[in-house]
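Residue-level structural notes
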Amino acid sequence: MSGNHGYSGVYEQGDQVNYGRSDIANEEKHHKTKAEGYKPKDQNKVMNHMREEDIQDDVAERYKHDPTYRATMHGNEPSRGAKIDAEIQHEEEELLRRKKEKTDSLPGKKA
């Protein structure tokens, strides 16, 4: 962090980041927002907003697919039902994986 003002311990690692042109171009590929059209000081706000959207999308996906994630996200132990659901989900994925391996090795199978 540059400058002699404030306490460096107060800022988290992502605060006051200046994004380079390559970072902006890379993020624009995944979003519909064009950050290059904004003023330089507003580009950081737009980039932070796009990165926050990515994080929220990742969390939403985890909520859909991991029954224990919601409780662990809030620092709690998952309920017994959530643990059982996770075990069942894991067993089903393993069963489907094994079943797929068996069918892939069949001679004469059409793809």
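In this convention, every chain numbers its residues from 1, walking through the sequence in written order. In view of the model being predicted, local features appear only for residues whose pLDDT reaches at least 70, and side-chain atom pairs are presented and counted only at 80 or more, with totals across whole chains, interfaces and linings using the full set of residues. Excluding hydrogens and water, the side-chain figures rest on all heavy atoms present in the structure.

**Section: the overall build of the chain**
The line we're drawing: To qualify as a helix, a DSSP run of H or I must reach at least 4 residues; to qualify as a strand, a run of E must reach at least 2; elements of each kind are numbered from the N terminus. Partly exposed residues are those whose accessible area sits between 20% and 50% of the maximum for their type, while under 20% is buried and over 50% is exposed, using a 1.4 Å probe and protein chains only. We call two residues in contact whenever any of their non-hydrogen atoms come within 4.5 Å of each other. Method for areas: the Shrake-Rupley scheme with a 1.4 Å probe, in which residue coverage is limited to the protein chains shown.
Across its full length, the chain holds four helices and zero strands. Starting at the N terminus and walking to the C terminus, you meet the elements of the chain as α-α-α-α. Taken over 111 residues, the chain has a buried fraction of 15%. Across the chain, contacts joining residues at least 24 apart in sequence account for 21% of those joining residues at least 6 apart. Split by element, the accessible area of the chain, about 9,800 Å² in all, is 49% carbon and sulfur.

**Regarding the side chain of threonine 68**
Where we set the bar: Here a polar contact is taken to be a pair of N or O atoms separated by no more than 3.5 Å, where protein atoms must pair a possible hydrogen donor with a possible acceptor and residues adjacent in sequence count only if both atoms sit in side chains.
As for its placement among the helices and strands, threonine 68 is situated in the loop between helix H2 (40-65) and helix H3 (69-73). Among the polar contacts made by the side chain of threonine 68, one reaches the side chain of aspartate 66 at a distance of 3.0 Å. Not counting the four nearest positions on each side in its chain, threonine 68 is found in contact with Pro78, Ala82, Lys83 and Ala86.

**Considerations on the packing of aromatic side chains**
Here the distance between the centres and the angle between the planes together describe a pair of aromatic rings. Put simply, the rule is: Each aromatic pair joins two rings of Phe, Tyr and Trp (for Trp, the six-membered one) with centres within 6.5 Å, and gets the label stacked for planes under 30 degrees apart, edge-to-face for over 60, and tilted for any other angle. Two conditions define a charge located above a ring, namely a distance within 6 Å from the ring centre to NZ of Lys or CZ of Arg, and an angle within 35 degrees of the ring normal.
Taken as a whole and judged by the stated rule, the model has one aromatic pair. Their ring planes at 55° and their centres at 5.6 Å tell us that tyrosine 63 and tyrosine 69 sit as a pair that is tilted. Residue tyrosine 69 is classed as buried on the basis of its relative accessible area of 11%. Sitting above the plane of the tyrosine 63 ring, arginine 70 keeps its charged end 4.0 Å from the centroid.

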